[in-house]
Amino acid sequence: MINGLCRSLALLIAMTMAAQAQTPTYKITPELEEAARKEGKVVYYTSIEVKVAEELAKAFEKKYPGIDVVVERNGAERQFSKIGQEYSSKIYNVDIVNSSDAAHFIFWKREGWLASALPDDVQKLYPAGSFDPEGYFAAMRSSLSVIAYNTSLVEAKDAPKSFADLLDPKWQGKLVKAHPGYSGTILTATFQMARDLGWSYFEKLASQQVMQVQSSTDPPRKVIAGERPVMIDGNEYNVFLEKERGAPIEVVYPSEGTPLVIGPTGVMKNAQHPNAARLFHAWSFTLEAQQLMVDKGGLRSLRPDIKEPHGRKPLSEIKLMKDDPVSVDSQVGDIKKRYLRYFKT
Amino acid sequence: MTATPALKSFATADGRHPAGIDLSAGVLGAIFLFLAALVGLPLLWLAVFAFTNAKGMPTLANFGDLVSDPDLLDPLITTFSLAALVAVFAAISAAPLAWLVSRTNLPGRRIVRALLTASFVTPPFLGAISWEILAAPNSGILNRLWREMSGGTEALFDIYTFSGLVFVVTCYTAPYVFVVLSNALDRIPADLEDAAGILGASRWRVVRAITLPLALPALLAGALVAFLQAMTLFGSPAILAIPAGFHTITTKIYSLFQFPPKPEVAAAAALPLLIVTMLLLFMQSRLLGRRGYAVVGGKSGEARLMALGIWRWPAFALVMMVLALPLFLPYGALLKAAFSRVPAGPLDLASLTLTHVNFVFIEFSQTRRAFANTFILALGTASAGTILTLLIAYMVARQGGRAGRLLEALASAPLAIPGIVLGVGLFLAYTRGPLVLYGTLWILFFAFLTIELPVAYQQMRASFRGLHPELEEASRVLGATRLGTLRRITAPLLKSGVIAGWCLIFIGVVRELSAAVILSSQNTKVLSVVIFDLNESGDLGAIAVIGVTMLLLTFAIIGFANWIAGVGADPRRAVG
């Protein structure tokens with residue numbers, strides 16, 4: 001009995017290692033393009049800001065005419081529910097999915113919903129640890145959840161420098177924050193902040209009369225509109241885009257560290273357009289797509305040969321909080337429950 | 001009484017059948033079975049889930065959670081307070097309006113009625129978003145103006161509060177009270193008022209002693225409708241309550257669908273809504289019954305209009321100010337947001353932009369699909385619903401009896417099912433075998449059909465009541481079958497009532513969010529859900545463009561339908 005167990009365990013490990021060593025990679029070939037073109041479209045579920053997502057789709061459609069990208073944008077957590085609903089009803093709409101909550105991919109991989117699809121570029125160029133060695137997902141983008149303030153309402157010297165500063169009574173009724181039940185970025189950030197600062201931080205924060213919005217794209221908009229002068233969390237990339245467009249907003253990287261949010265992409269096993277999905281997947285990791293995402297989308301890329309636009313602080317100079325999707329995956333219920341207790345929604 | 005032969009005979013029925021075979025029994029049976037399935041199936045699943053646990057064992061624990069967990073109990077209390085306050089304020093604001101329009105010589109009464117119809121067409125969630133643009137405490141247009149004028153720093157009005165929510169929901173619920181009340185006021189016979197006048201009562205005394213008491217049951221009935229509307233509303237609370245940091249039961253039910261979904265708790269949370277709705281509807285039917293007693297036999301002359309004298313124009317100004325709240329201000333805000341960079345920023349030429357228009361119609365890949373889905377569903381549901389309710393109303397009116405009453409009860413039952421509850425029920429019913437409809441437009445079609453059934457049926461019943469059976473009898477005597485008579489005699493005579501019913505369903509479908517938000521998926525998104533999603537990411541400009549386009553299209557289609565009704569209204573053609 002014990003012997004048998006040991007043997008099968010050894011076999012399993014050997015199989016896994018073999019799989020790791022031999023996870024086949026793929027390149028964009030004329031055959032793949034042709035097969036993708038025959039399928040005609042790819043359904044892309046993503047939690048990236050809708051305008052950035054449509055921008056990527058447009059660039060892909062231009063490069064590969066005849067393949068439509070259907071963009072379905074939703075908050076990562078909402079998207080996660082939707083895919084769960086659809087899969088439990090055996091509806092396989094989604095071909096390829098990108099989420100700002102990396103923990104989702106641990107769940108989907110465990111459920112066997114993902115296909116192994118490892119673009120050659122990813123294995124060769126991207127840092128180890130940014131992609132699943134078995135090829136089920138890879139970090140297509142990353143972003144930060146930052147503090148930001150309206151520069152016409154708050155002077156730089158008065159602006160908060162840290163998360164602790166936000167507890168100052170002078171910010172009462174002046175803060176806006178997005179929701180971890182909707183946004184994967186915020187769920188990830190909430191986990192990291194609770195781990196590093198303690199839940200007592202959120203308990204105190206909740207007494208500051210915080211305006212609660214849903215998506216992590218929304219706080220920058222509320223700050224620019226002057227609805228609240230300071231945001232507690234939200235997408236760094238939206239702040240970049242708005243600032244570069246001339247809006248009165250400035251980023252603050254809190255002294256305690258800035259939550260780092262990895263946004264992987266994976267191809268679904270039951271994709272209706274598997275070739276188009278693999279083509280889009282591989283293309284999204286090319287220098288062309290990544291540079292577009294950085295320039296036009298304000299996102300951070302993990303590709304080493306990317307050029308960071310002037311005026312944005314390089315990732316290497318920012319003190320980051322450590323990302324840990326495995327822990328997020330196991331604690332998600334607890335995070336939402338505690339959040340509800342403090343913030344009531 | 002099996003469904004298949006009945007449907008088959010109906011499909012071929014064109015009046016050429018031998019007069020001896022009466023098809024109505026078969027059609028009656030088929031409609032009965034269809035309605036029973038349509039209404040019964042989702043409710044059955046709801047009950048099953050509410051009383052079982054995740055493993056499928058019978059339990060009452062879901063209800064235990066409901067009363068012991070403050071996360072569920074607080075929203076329930078909030079919901080009932082909201083509904084009660086809205087009912088009171090809607091009645092208070094609609095009553096003078098209805099009286100002025102129905103019983104006085106207020107200038108522009110037709111326009112006022114038309115404008116109130118327009119506020120009825122406006123989806124409440126769009127109204128809520130417009131009021132965000134107007135009255136967000138810091139960036140809201142009205143609060144900005146107020147600060148400039150007063151020089152202070154305080155907001156005039158914060159929309160992200162409980163009172164803000166009550167206000168916005170009242171804005172879009174008061175039209176219901178207005179309709180119920182002004183219909184009743186139109187029908188109050190003038191002779192009672194005349195009698196009081198002859199006996200020396202002053203004009204105001206007549207209003208107090210005669211008109212008001214006679215209108216009171218209708219006012220209460222209207223307030224009940226307002227209560228139900230406010231209680232079951234999903235969009236406005238989702239948009240205004242969450243930023244303020246509280247839940248209503250509908251937003252809570254929705255949040256129970258977050259992964260991992262807890263349909264059993266959602267089902268349990270939905271049941272109090274269902275029970276309260278049924279209780280209130282029961283009370284309402286008692287109230288309306290008594291009102292019938294008061295004004296039945298009111299064939300006496302037209303309602304006497306009271307001269308307002310020097311108060312005519314002040315009254316008109318007051319009415320316009322009231323109408324500014326659901327209409328002029330929100331529509332102005334939407335138009336502004338559609339064409340400016342910062343939705344609520346100051347209005348100047350530099351901030352004008354076509355970015356949002358460009359985004360919605362060129363870049364945003366969901367636009368076309370959502371418009372197509374919405375209008376396919378609205379047209380389909382309106383047409384199918386019209387035929388269905390027409391048949392039901394015909395059966396009930398001409399057949400009567402126990403079968404008729406049963407049919408009537410089934411057609412009115414969905415009134416007691418709030419949209420979000422029905423959404424949960426349909427989700428439970430059609431995400432598992434044998435019939436998996438989730439992910440197709442059909443599940444939305446059935447949801448909308450069920451939701452709109454009672455209103456459409458009421459409309460059809462009213463039309464049939466004004467129709468004498470002699471013409472039909474003549475046709476039957478001359479040898480036409482019942483269905484042939486229906487097609488050639490009854491239907492043409494009913495045209496304007498039927499078109500009105502069709503429009504009611506159409507508007508209802510375009511406005512619907514609470515069931516759609518649970519039932520739509522990537523391929524089947526409708527405009528209300530797209531707008532809801534865009535609101536969650538704060539894309540107010542895009543929402544404004546979609547919202548305004550949606551309303552223009554709705555008005556155009558309704559105008560077209562009424563134009564057809566007008567063209568076909570020639571009585572000679574209709575009867576011939």
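See above for the structure.
Since this is a predicted model, take the numbers as computed values, not measurements.

What counts as what
- Residues numbered from 1 in each chain as written.
- Chains lettered and ligands numbered in written order.
- Predicted model: local features only at pLDDT ≥ 70, side-chain atom pairs only at ≥ 80, totals over all residues.
- Heavy atoms only, no water.
- Helix = DSSP H or I, 4+ residues; strand = E, 2+ residues; numbered from the N terminus.
- Rg over C-alpha atoms; globule rule 2.2 N^0.38 Å.
- Buried < 20%, exposed > 50% of the residue type's maximum accessible area, 1.4 Å probe, protein only.
- Contact = heavy atoms within 4.5 Å.
- Areas by Shrake-Rupley, 256 points an atom, 1.4 Å probe, with all protein chains shown as cover.
- Lys, Arg positive; Asp, Glu negative; His and termini not counted.
- Charge placed at Lys NZ, Arg CZ, Asp CG, Glu CD.
- Salt bridge = Lys/Arg side-chain N within 4 Å of Asp/Glu carboxyl O.

(A) Summary view of the overall build of chain A. Regarding its fold elements, chain A presents 13 helices and 13 strands. For 345 residues, the compact-globule estimate of 2.2 N^0.38 gives 20 Å, and the C-alpha radius of gyration of chain A, at 21 Å, lies within 12% of that figure. Across the 345 residues that make up chain A, the buried fraction comes to 60%. Across chain A, contacts joining residues at least 24 apart in sequence account for 79% of those joining residues at least 6 apart. As displayed, chain A has an accessible area near 13500 Å², and 56% of this comes from carbon and sulfur atoms. Taking the average location of the 44 positive side-chain charges in chain A and that of its 42 negative ones, the two points are 3 Å from each other.

(B) Region of interest: the pattern of salt bridges. Residues and elements named next belong to chain A. Counted under the stated rule, the structure contains 30 salt bridges over all chains. With a shortest N-O distance of 2.5 Å, R221 and E49 are connected by a salt bridge. You can see R221 sitting in helix 9 (residues 218-225) and its partner E49 sitting in the loop between strand 2 (41-46) and helix 3 (50-63), a full 172 residues away along the chain. Each of the two residues, R221 as well as E49, counts as buried. We note a salt bridge from E55 to K58, for which the minimum N-O separation is 3.9 Å. Of this pair, E55 and K58 both sit in helix 3, three residues apart, which is roughly one turn of that helix.

(C) Focus on unusual backbone geometry. Residues and elements named next belong to chain A. Phi is positive for Q209, close to 50°, though the residue is something other than glycine. Within the secondary structure, Q209 is located in the loop between helix 8 (199-206) and strand 10 (211-212). Taking relative accessible area as the criterion, Q209 reaches 52% and is therefore assigned exposed. In the Ramachandran plot, K344 falls in the positive-phi region, its phi being about 70° despite a non-glycine side chain. Topologically, K344 is positioned in the segment after helix 13 (325-343). Judged by relative accessible area, which is 53%, K344 ranks as exposed.

Honestly, that's just the spatial picture; any functional story needs more than this.
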